[in-house]
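Commentary on secondary and tertiary structure
These are the residues of each chain, in order.
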Number of protein chains: 4
Amino acid sequence: MIVVLKNPVSESKREELIAWLRSKQLQVHLSEGHYHTVLGLVGDTSRIDTDMLEGLEIVEKVQRISEPFKKANRKFHEDDTVITVGNTQIGGSGFALMAGPCSVESREQLTEVAFAVQKAGATVLRGGAFKPRTSPYAFQGLRGDGIDLLQEAKKETGLPIVTEIMNAEHLPLFENVDIIQVGARNMQNFELLKELGHTDKPILLKRGLANTVSELLMSAEYIMAGGNENAILCERGIRTFETCTRNTLDLSAVAVLKELSHLPVIVDPSHATGVAKYVKPMALAAVAAGADGLMIEVHNDPAHALCDGPQSLTPEQFAELAVSIRKVREALV
Amino acid sequence: MIVVLKNPVSESKREELIAWLRSKQLQVHLSEGHYHTVLGLVGDTSRIDTDMLEGLEIVEKVQRISEPFKKANRKFHEDDTVITVGNTQIGGSGFALMAGPCSVESREQLTEVAFAVQKAGATVLRGGAFKPRTSPYAFQGLRGDGIDLLQEAKKETGLPIVTEIMNAEHLPLFENVDIIQVGARNMQNFELLKELGHTDKPILLKRGLANTVSELLMSAEYIMAGGNENAILCERGIRTFETCTRNTLDLSAVAVLKELSHLPVIVDPSHATGVAKYVKPMALAAVAAGADGLMIEVHNDPAHALCDGPQSLTPEQFAELAVSIRKVREALV
Amino acid sequence: MIVVLKNPVSESKREELIAWLRSKQLQVHLSEGHYHTVLGLVGDTSRIDTDMLEGLEIVEKVQRISEPFKKANRKFHEDDTVITVGNTQIGGSGFALMAGPCSVESREQLTEVAFAVQKAGATVLRGGAFKPRTSPYAFQGLRGDGIDLLQEAKKETGLPIVTEIMNAEHLPLFENVDIIQVGARNMQNFELLKELGHTDKPILLKRGLANTVSELLMSAEYIMAGGNENAILCERGIRTFETCTRNTLDLSAVAVLKELSHLPVIVDPSHATGVAKYVKPMALAAVAAGADGLMIEVHNDPAHALCDGPQSLTPEQFAELAVSIRKVREALV
Amino acid sequence: MIVVLKNPVSESKREELIAWLRSKQLQVHLSEGHYHTVLGLVGDTSRIDTDMLEGLEIVEKVQRISEPFKKANRKFHEDDTVITVGNTQIGGSGFALMAGPCSVESREQLTEVAFAVQKAGATVLRGGAFKPRTSPYAFQGLRGDGIDLLQEAKKETGLPIVTEIMNAEHLPLFENVDIIQVGARNMQNFELLKELGHTDKPILLKRGLANTVSELLMSAEYIMAGGNENAILCERGIRTFETCTRNTLDLSAVAVLKELSHLPVIVDPSHATGVAKYVKPMALAAVAAGADGLMIEVHNDPAHALCDGPQSLTPEQFAELAVSIRKVREALV
């Protein structure tokens, strides 16, 4: 950690600060320049609050050199984390193909889609029971009933299921859910993350619309700090000035996350683009960028979906996509 | 609402859609062009789900002409909403000056700041008890104890208090809190908003870092739809590519919000800029832009604040700012 | 085009407007609602200035339904444009692999890199002679001498060359350049675009850091409106809040551009990411997203490049990438 | 400047780098940590190319502590730069009120507006002769004829004039123009900036839509490095995800620019918001934020302006605004 002091700085205040830093078991290296005095801190700086340091009257700025995340950091955990749900491995050499409807609407709808995506090669069934909607007047999901329907579909197909949680109080309903999803809008709902850190369920953590890669890792750190190391990261598009797609899918983030962290990284091209015809190219691009899995919306009747219809593939389109995914994955070996 | 149909479109499907729209009590006006067929819908389109319409196979795009928010909409509620807490009126001709420390740290700290800001003209005492922090290893606030300290300061000074909630389960702790704040990261925590809609407390709703003015109004609508019409909107900076300030304070949003909605709009220049020296110019700019109030961080010893120190004013700086605020407000009459 | 009128609106002004629009050979369809009156315009609206219409006192807003670009529009030119330089075809089923150093530095450097990338499969040699640099104190390129060196390398290898122009006055120097590049910062230097529209050279137009897909197409339209239909579009990252890569590579833009336009679309992952280790995954992702080509920085000694070194591949890394590109392309067939 | 080395690092390469840095007259301070080795450079680092340093194989990252701009830097030029045009002083205690039509359209239009804004208190007449337009099919301005009309209006009113240049070849036409404007889209047209650096005209440099405060200062540095120290900075809104105003006016940038630089800073609320009704609150907010001037669009008949009409004030609205500006300025003393 680098601490740049204001100039001129009173020598006594500077010495006071250095003494305090040394009391924290840090080595302090001093460089005096004409315009700036710089302290280089060596040792475990993770417990030093950069905000507090910057608040000191004599400090101009503070720059971290080490990343502030630890449990999610590949530097301290070189091997890929591999998370097993059902017969699927997420991370390492495994590839997770999660598919299903945006919202669970009915038994018929869900079963039909579940069998269709399973046949095409999906390894996890997705479906929204609790739906975060911008408008209070829009359909909010079947909630508990939706989870019941997912469990039935799981029994029938054997596919593990993933669905979104919006409130820690609903946790008992998720007992038989295989992967709990935290949506983009809740990525920094720290109270929820803490609760999930006390479970042992795999948590699929979606990147917030305006959150950096570093903040995504810090939110994973909240879950892991609680004892639950089964975090799965998900890139699903960020908010930019461009409006030709709903969000801007940031595939570089996949490469960066794979480098910085050992956690699995999957991509959701359906929500990112918001347009069915762009799902295939972006899904294949995500695979080529090194993603450990995909989450794709599939609907048996996109034209009548209760929500987010425009971005859903038909089962036929999904089956075709699944073939292309396999081919691209083979090309990458 | 305008519905643009794909071209060519089957006449039977088009007629089916028109019939369905008419069954929703809407008038439908048809314009056929060479490249597009357009339906103009007249009537109450608020219950029409644009997502669903766009999902229809024959639809190319849907454009709303009316705003999707109702209770927060000035078109249906011309007069400014005025919210009274203690002796202060927020909205209308009133001006709310909220001030206090970022985090509540101790009885001494809080009391000292509370008396200082009151003397300078603050009308509401702010202070964080529950603190949303990016890192799980950072100070998370005094939580319940912080709220106790705020209530003591309220008793001593008579100032109403505002503090942030992060979890609906904590609501009982907020019984004697005058204004409940929802932080930027929870602006779209819809489960929390719904719960707050069932209370009768004024809710200070901060704009999310990547949320539009329209989404802020929709989140206020969640609170109001539950029966609680005491929403206060707060602009606190959005995330952009610029890094010279922590966030980019969007003061145009004040002018836009005042036009679109009857709800009071306040501004938080402390979090937006993250730098004490920019708080004064931005506070005055917010006043000139038409804000109904300000939320300012003040600390008795900014150099040792446990969090967010760099953006806090000293009581002396705050007193000076309060004088300038009054002068600018008078100049605007 | 949809014109929404303010409400209430004077009938005489409305009739005046309708008469004027009809005088422009447009059909006008009128829908009157309780809150809004809407005019639907049918016909060739391309010459109608939306700004002027919005400026009319009785108009609330104007929404275009058709795209404002024509010559670049796939609706009016269904087949892919294919541009031939040397033995390479850009667009259609061809794939252009452009590679070379960021800056031309010396004859030795350029020749060595040129032969190396040719051997690995590059079809176009890139190299910067005129360099746009943020700082006036930074190396500005070898300018005219750089172009001379590129021409020598072209003679030796037979590879066509692409290099950036920053000033229309330099056009005579580009006589033997095969593809003229317009950099991101000049994407809306309309005076330059107009001049290039009067040449017959292929123009590689890079997307500006804050420009939309639609604006990129409008800038291509400037070139094409002048008579030069040989425009090549290039996605090279946009500016967002994320800082872990230099810019955010927007690969969805590739899919959108391929749909909206018949022009070839290439991707520059080197400048977008700014980091050599992310170039390979992003290059492969671009191929999977449907790009018609790539532009890759290669340096014989990245550790000593005079500019932009950190994002350059070694010739060995490039050769390995070229093999992977071929494999992914084959997987997509 | 701080140079962080990779770990582990070969001692010989490290010593080679240190020797090279010392040959550049820099003092080098070495701190060795468990995870990183850090070099602190003291001395004039302005000629060190950070890109080149980062390109070295043994370097992990480089962080500048000093700003890369010099002539525009307040650290080396404490007093405000004051630029005099006609009877107006821009910078220091002066306040420049620039007003006029977006586009020069005719002698009658320009003269009428010029006399009206002069009467209301404007000190500089603005008007576009060369117009940068997104579409090649839109009105491009009266060009040379527009400049002639501006000069006539200058003769009649005595007001100095400001108008935009788009091409260095047009410089002879600007001989009698008092302030040459560089538009947002040309902020990084470095060839144009260099040419303007060789003139002695005041240059009004608008911030690019996606450019940082630091890049704006570097572009001013291009002008100043050429010998022309009469640069005026202009904030006119940046591009963000928010669409309720055309751009997001970044008023914090005013406070930051005034701190970092001695150059005058003005604000253009007309283009930033794109909506006439938001011009007044944003103009007053800019004054309160400390701007040295404003640039406001005024049209004698906004409803028929050929371009950008929606954001223009009537002369009556402008006169009213001018009164409020004076009041707010007095309140700030």
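Worth saying up front: this structure is predicted, and the values here are computed from it rather than measured. (Residues numbered from 1 in each chain as written. Chains lettered and ligands numbered in written order. Predicted model: local features only at pLDDT ≥ 70, side-chain atom pairs only at ≥ 80, totals over all residues. Heavy atoms only, no water.)

**Re the domain arrangement of chain A**
Note the threshold: In this entry, domain limits derive from an automatic or database-based domain assignment.
Once the domains are mapped, chain A shows domain 1 (2–63) and domain 2 (83–332). Here the C-alpha centroids of domain 1 of chain A and domain 2 of chain A sit 44 Å apart.

**Some remarks on the sheet that holds strand 2 (residues 27–32) of chain A**
Residues and elements named next belong to chain A. Here is the rule we go by: Note: two strands are recorded as paired if DSSP finds a minimum of 2 bridges between them. Secondary structure is summarised from DSSP: a helix means a run of H or I of at least four residues, a strand means a run of E of at least two, and numbering begins at the N terminus for each. In this description, a line fitted to the C-alpha atoms serves as the axis of each element, helices being fitted only across the stretch in contact, and the angle between N-to-C directions of two axes falls anywhere from 0 to 180 degrees. Contacts are assigned to residue pairs that have any heavy atoms within 4.5 Å of one another.
Spatially, 2-3-1-4 is the arrangement adopted by the four strands of the open sheet, whose pairing is antiparallel. Each edge of the open sheet carries a strand with a single partner, namely strand 2 and strand 4 (59–63). Going from strand to strand, the sheet's axes swing by 20° on average, the running direction of each strand aside. Two elements, strand 1 (residues 2–5) and strand 3 (residues 37–42), share four bridges in a ladder whose sense is antiparallel. Within the sheet, the bridge partner assigned to L5 lies in strand 3 and is T37. Across the sheet, helix 1 (residues 11–23) is in contact with strand 1, strand 2, strand 3 and strand 4; its angle to strand 2 comes to roughly 155°.

**Observations concerning the pattern of salt bridges**
Stated formally: In the sections that follow, a salt bridge refers to a side-chain nitrogen of Lys or Arg positioned within 4 Å of a carboxyl oxygen of Asp or Glu.
This model, assessed by the stated rule, comprises 60 salt bridges over all chains. In this structure, the salt-bridge partner of E259 of chain C is K277 of chain A, at a minimum N-O distance of 2.6 Å. Of the two residues, E259 of chain C is situated in helix 7 (residues 252–260) and K277 of chain A in helix 9 (residues 276–288); the pairing between them involves two chains. Notably, a salt bridge pairs E215 of chain D with R239 of chain C, separated by 2.6 Å at the nearest N-O pair. One end of the pair, E215 of chain D, is in helix 6 (residues 213–225); the other, R239 of chain C, is in the loop between strand 12 (231–235) and helix 7, on a second chain. Each of R207, E235 and D250 of chain A together with E242 of chain C takes part in one network of salt bridges that share partners.

**A closer look at unusual backbone geometry**
Residues and elements named next belong to chain A. Note the threshold: Buried residues are those whose accessible area, probed at 1.4 Å on protein chains only, stays under 20% of the maximum for their type, while exposed residues exceed 50% and partly exposed ones sit between those limits.
Even without being glycine, R143 reaches a positive phi, approximately 55°. Among the secondary structure elements, R143 is positioned in the loop between strand 8 (124–126) and helix 4 (144–157). The partly exposed category is assigned to R143, whose relative accessible area is 26%.

**A closer look at the nonpolar core**
For the record, the criterion: Nonpolar core, defined: a set of buried Ala, Val, Leu, Ile, Met, Phe, Trp, Tyr and Cys residues in which side-chain atoms within 4.5 Å join the residues together.
Counting residues in each nonpolar core, the largest one holds 314 residues, and the members touching the most others are L251 of chain A, L251 of chain B, L251 of chain C together with L251 of chain D. The element best represented in this core is helix 9 (residues 276–289) of chain C, accounting for eleven residues. Not counting the four nearest positions on each side in its chain, L251 of chain D is found in contact with L251, M282 and A285 of chain B together with V267, M282, A285, A286 and A289 of chain D.

**Some words on the environment of P281 of chain C**
With respect to the secondary-structure elements, P281 of chain C resides in helix 9. Ignoring any residue separated from it by four or fewer positions in sequence, one finds P281 of chain C in contact with A255, A288 and A289 of chain A.

**Thoughts on the relation of the copies chain C and chain D**
Selection criterion: A least-squares fit on C-alpha atoms brings the copies together, and the residues used are those whose pLDDT is at least 70 in both copies.
Superposing chain C onto chain D takes a rotation of 180° combined with a translation of 0.0 Å along the rotation axis, leaving an RMSD of 0.1 Å. Here the copies are linked by what is in effect a two-fold axis. By C-alpha distance to the rotation axis, the residue of chain C lying nearest is A210 of chain C, at 2.7 Å. When you check the interface residues of chain C against chain D, 100% turn up at the interface there too, and the contact is symmetric in its surfaces.

**What to know about the packing of aromatic side chains**
For the record, the criterion: The criterion for an aromatic pair is that two Phe, Tyr or Trp rings (for Trp, the six-membered ring) have centres within 6.5 Å, with stacked assigned to planes under 30 degrees apart, edge-to-face to planes over 60 apart and tilted to the rest.
For the coordinates displayed, the defined rule picks out eight aromatic pairs over all chains. Where F130 of chain A meets F174 of chain A, the ring centres are 6.2 Å apart and the plane angle is 20°; that geometry is what we call stacked. Separated by 44 residues along the polypeptide, F130 of chain A in the loop between strand 8 and helix 4 and F174 of chain A in the loop between strand 9 (161–165) and strand 10 (179–182) bring together distant segments of the chain. Here F130 of chain A and F174 of chain A have matching classes, each one buried. Ring geometry for F190 of chain B against Y222 of chain B: centres 4.6 Å apart, planes inclined by 20°, an arrangement best described as stacked. Taken together, the residues span a long stretch of sequence, with F190 of chain B in helix 5 (residues 190–197) and Y222 of chain B in helix 6 (residues 213–225) at a distance of 32 residues. Owing to a relative accessible area of 1%, F190 of chain B belongs among the buried residues under this scheme.

**Side note on the interface of chain B and chain C**
Selection rule: Summed over both partners, the accessible area (1.4 Å probe) lost when two parts come together is defined as the buried area. In protein, a polar contact means a hydrogen-donor-capable atom and an acceptor-capable atom, both N or O and within 3.5 Å, with residues adjacent in sequence counting only if both atoms are side-chain atoms; elsewhere, any N or O pair within 3.5 Å suffices.
Taken together, the 22 residues of chain B in the interface contact 22 residues of chain C. Between chain B and chain C, a total of about 1700 Å² is buried, with carbon and sulfur atoms accounting for 63% of that surface. On the surface where chain B and chain C come into contact, there are zero salt bridges. Between chain B and chain C we count zero residue pairs in polar contact (both at pLDDT 80 or more) in total.

**A word on the environment of E164 of chain C**
Residue and element names in this part refer to chain C. Mapped onto the elements, E164 comes out in strand 9 (residues 161–165). Sequence separation between E164 and N300 is 136 residues; the distance between their C-alpha atoms is 21 Å. Setting aside residues up to four positions removed in sequence, E164 forms contacts with F130, P132, F174, Q181 and G183.

**Topic: the relation of the copies chain B and chain C**
Two copies of one chain are present, and they are related through a rotation about an axis combined with an axial shift. Between chain B and chain C, which share one sequence, the superposing operator has a rotation angle of 180° and an axial displacement of 0.0 Å; the RMSD is 0.1 Å. The fraction of interface residues of chain B whose copies in chain C are also interface residues reaches 100%, indicating that both copies meet through the same surface.

**Examining the packing of helix 3 (residues 107–120) of chain B against helix 4 (residues 144–157) of chain B**
All names here are of chain B. We count it as follows: Any angle from 65 to 115 degrees is called roughly perpendicular, while one under 35 is roughly parallel, one over 145 is roughly antiparallel, and all others are oblique. Here a crossing is taken to be left-handed if its near helix is turned anticlockwise relative to the far helix by less than a right angle, and right-handed if that turn runs clockwise. All amino acids are sorted into three groups, where Ala, Val, Leu, Ile, Met, Phe, Trp, Tyr, Cys and Pro are nonpolar, Asp, Glu, Lys and Arg are charged, and the leftover types, Gly among them, are polar.
Remark: helix 3 packs on helix 4, axes separated minimally by 10 Å, with the N-to-C direction vectors making an angle of 40°. Classified by the interaxial angle, the pair formed by helix 3 and helix 4 is oblique. Viewed along their axes, helix 3 and helix 4 form a crossing whose handedness is right-handed. Residues R107, L110, T111, A114, F115 and Q118 of helix 3 pack against L149, L150, E152, A153, E156 and T157 of helix 4. Here the contact of helix 3 with helix 4 is built from residues that sort into six nonpolar, three polar and three charged.

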